[in-house]
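What follows is the residue order along each chain.
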Amino acid sequence: MPDRPAGTDRKTAGTGRKTASSRALRLTVALPDTDIRASVRERARALGVLGWIRTVGDDTLEIHAEGPSQAVESLVASLPDAPLEVTEVRREGHEQFAIRGVSAGVFVVQEHAATAHHFDLRLEVDGMMRSWAVPKGPSLDPSAKRLAVQVEDHEVGHNEFEGPTERGGVIVWDRGTYEQGGRVPWPEAIERGHAVFVLHGEKLRGGFALQRTRAGSKPQWLLVKRRDEEARPGSDIVAERRASVLSDKTLDQVRSEESAPGAQA
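What counts and how
Residues numbered from 1 in each chain as written. Predicted model: local features only at pLDDT ≥ 70, side-chain atom pairs only at ≥ 80, totals over all residues. Heavy atoms only, no water. Helix = DSSP H or I, 4+ residues; strand = E, 2+ residues; numbered from the N terminus. Contact = heavy atoms within 4.5 Å. Polar contact = N/O pair within 3.5 Å; in protein donor to acceptor, adjacent residues only side chain to side chain. Buried < 20%, exposed > 50% of the residue type's maximum accessible area, 1.4 Å probe, protein only. Pairing = 2+ DSSP bridges.

(A) Inspection of the environment of R175 at higher detail. Tracing the backbone shows R175 in strand β11 (residues 168–180). Residues R175 and K203, spaced 28 residues apart in sequence, show a C-alpha to C-alpha distance of 8.1 Å. Those residues in contact with R175 that lie beyond four places of it in its chain are F107, V108, E160, H200, G201, E202, V245 and L246.

(B) Local environment of the side chain of K225. On the secondary structure map, K225 appears in strand β14 (residues 220–225). A polar side-chain atom of K225 sits 3.0 Å from the main-chain carbonyl oxygen of G207. Within the local environment of K225, its side chain forms a polar contact with the side chain of D228, the two groups lying 2.6 Å apart. Leaving out residues up to four positions away in the same chain, K225 has contacts with S139, L140, D141, P142, R205, G206, G207, F208, E230 and A231.

(C) How the structure looks around unusual backbone geometry. With an omega of 0°, the peptide bond between W186 and P187 qualifies as cis. Structurally, P187 is set in the loop between β11 and α3 (188–192). Phi at D126 is positive, roughly 55°, even though this residue is not glycine. Within the fold, D126 resides in the loop between β7 (117–125) and β8 (128–134).

(D) Broad picture of the pairing of β14. Only one face of β14 is covered, namely the one carrying W221, L223 and K225; the face carrying Q220, L222 and V224 has none of its residues buried. Where strand β9 (residues 146–154) meets β14, four bridges bridge the pair, whose relative direction is antiparallel. Within the sheet, the bridge partner assigned to L147 lies in β14 and is L222. As paired strands, strand β13 (residues 205–214) and β14 are joined by six bridges and run antiparallel to one another. Note on β14: the bridge partner recorded for F208 is K225. What sits between β13 and β14 in their antiparallel hairpin is a turn of five residues, with G216 showing a positive phi close to 120°.

Here it is in structure tokens:
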């Protein structure tokens, strides 16, 4: 990794000039022997610096830091003494300093035949599953904006349920872990009505966003796939991969089974 430009230090690296009242920097530093992401986050929060830190590949840390110049410079000076690349960038408007690439919990998508056929997207937030009913199901096509109606929270234990019900049936269509993203901390991002996240599922992968379009007793949102390496324009993942990730059965096969005692509605 190239070293800092000659004649500069960590307070003015990459610029060679005095700092303004506020500053935004993109930092690239060799990955140290120990994981320093949590300590950098705590230092940034103590200084009032906003942005994020993430690992890139096997040997690099990348940091976006924005805020008062003196605070940003103090954060830079606290980093490990290693070759450092510093680039002036535009402020992104963050309201947190986050660790990216770390799981925030589990997610599940259950296909549900009840009064109406739909898919339930559930994200673990503060020990509960925040839930949205998605009539057409999720998509990997960024041009497909899916209606998602927010419904009541569910217990995490409901994630494993699959089988016939009194009014139809349920299968676990996809599941995995997810990362919280965006500029605003969770769960505040959901309360404000714009939540960005990254799914690591067996079918759904990559960045997604939920945007609230209507408030009320059952708020309406749009679920949209972000344009990244996991996007598949023109695809229909719901039609292409219909089977459960637990049993390899389709919803129609589960519905045809005899309803067992205690089946959930």
